[in-house]
Amino acid sequence: MDLHLHTPASSDFQQPNASYLEILQEVERKGLDIIAFTDHNTVAGYRGMLEEIEDLELLERLNRLKAEEQKRLKEYRRILEEILILTGFEFTATFGFHILGIFPADIPARDLEFLLLQLNIPPE
């Protein structure tokens, strides 16, 4: 498992052009079963992945899914059957300490965004 994984939502992410699907494919290649997206002071990476999947599923329901989109959705579904993705964030605390907050997969990203606001992290 890797419980400290960044996405393009973190400014220090090494491959800013990588897609969420590519990140998950790399996780699978490494043989990991559990990961947590823990971007710096945000859950935008996790939310972005969920929104991409939701958009693909909407297109599927509307019968407007293109072949490449169908392929991506199928790959997301296959990987999500194999890998548990937890959501979280890397919170920058007083004196520059970093604290990982990792939460169950069924916690809505919106709840974590509210928690970050309570921790005085601006939405942007």
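Refer to the structure presented above.
Residues numbered from 1 in each chain as written. Predicted model: local features only at pLDDT ≥ 70, side-chain atom pairs only at ≥ 80, totals over all residues. Heavy atoms only, no water.

Caption draft 1: Fine view of the sheet that holds strand 2 (residues 34-37). Spatially, four strands are ordered 1-2-3-4 in an open sheet, and the strand pairing comes out mixed. For this open sheet the edge positions go to strand 1 (2-5) and strand 4 (98-103), each flanked by a neighbour on one side alone. Taken pair by pair, the neighbouring strands of this sheet meet at an average axis angle of 30°, ignoring direction. As paired strands, strand 1 and strand 2 are joined by two bridges and run parallel to one another. Residue L5 lies in a different strand from strand 2, and its bridge partner there is F37. Seen against the sheet, helix 1 (residues 20-29) touches strand 1, strand 2 and strand 3 (84-92) and runs at an angle of roughly 145° to strand 2. (Pairing = 2+ DSSP bridges. Helix = DSSP H or I, 4+ residues; strand = E, 2+ residues; numbered from the N terminus. Axes fitted to C-alpha atoms, helices over the stretch in contact; angles between N-to-C directions. Contact = heavy atoms within 4.5 Å.)

Caption draft 2: A look at helix 2 (residues 44-61). Under the 1.5 Å per step criterion, the end-to-end length of helix 2 is 25 Å for 18 residues, consistent within 8% with the ideal 26 Å. Every buried residue belonging to helix 2 is among G45, Y46, G48, M49, E52, I53 and L56, and all of these are buried. In the stretch just after helix 2, N63 is the one whose phi turns positive, near 55°. (Expected span 1.5 Å × (residues − 1). Buried < 20%, exposed > 50% of the residue type's maximum accessible area, 1.4 Å probe, protein only.)

Caption draft 3: Spotlight on helix 1. Looking only at helix 1, the buried set comprises Y20, L21, I23, L24 and V27. Projection of helix 1 onto a plane perpendicular to its axis shows the buried side chains occupying an angular sector of 160°, all on one side. In this fold, the buried residues of helix 1 make contact with strand 1, strand 2, helix 2, helix 3 (67-82) and strand 3. (Arc of directions from axis to C-beta.)

Caption draft 4: Summary view of the packing of aromatic side chains. Scanning all chains against the criterion turns up one aromatic pair. Centre to centre, the rings of F89 and F103 are 5.6 Å apart; their planes meet at 40°, and the pair counts as tilted. Of this pair, F89 sits in strand 3 while F103 is found in strand 4, placing the two residues 14 residues apart along the sequence. (Phe/Tyr/Trp six-rings, centres within 6.5 Å; stacked < 30°, edge-to-face > 60°.)

Caption draft 5: Quick peek at the pattern of salt bridges. Inspection of every chain in the model, using the stated rule, returns eight salt bridges. The residue E28 makes a salt bridge to R78 at a minimum N-O spacing of 2.6 Å. Here E28 is found in helix 1, whereas its partner R78 is found in helix 3, with 50 residues between them in sequence. By relative accessible area, R78 is classed as partly exposed at 36%. In this structure, E113 and R47 form a salt bridge, with 2.7 Å as the shortest nitrogen-oxygen distance. Of the two residues, E113 is situated in helix 4 (residues 109-118) and R47 in helix 2; the sequence distance between them amounts to 66 residues. Accessibility expressed as a relative area gives 26% for R47, which makes it partly exposed. Salt bridges sharing partners connect three or more residues here, namely E28, E75 and R78. (Salt bridge = Lys/Arg side-chain N within 4 Å of Asp/Glu carboxyl O.)

Caption draft 6: View of the nonpolar core. Core analysis: the biggest nonpolar cluster contains 28 residues, and I23, L24, I35, F37, M49, Y76 and I85 have the highest contact counts within it. Elements with a minimum of two residues in this core: helix 1, strand 2, helix 2, helix 3, strand 3 and helix 4. Here this core takes five residues from helix 1, the largest share from any one element. Those residues within four positions of Y76 in sequence are excluded, and the remaining contacts are Y20, L21, L24, M49, E52, I53 and L56. (Core = buried A, V, L, I, M, F, W, Y, C linked by side-chain atoms within 4.5 Å.)

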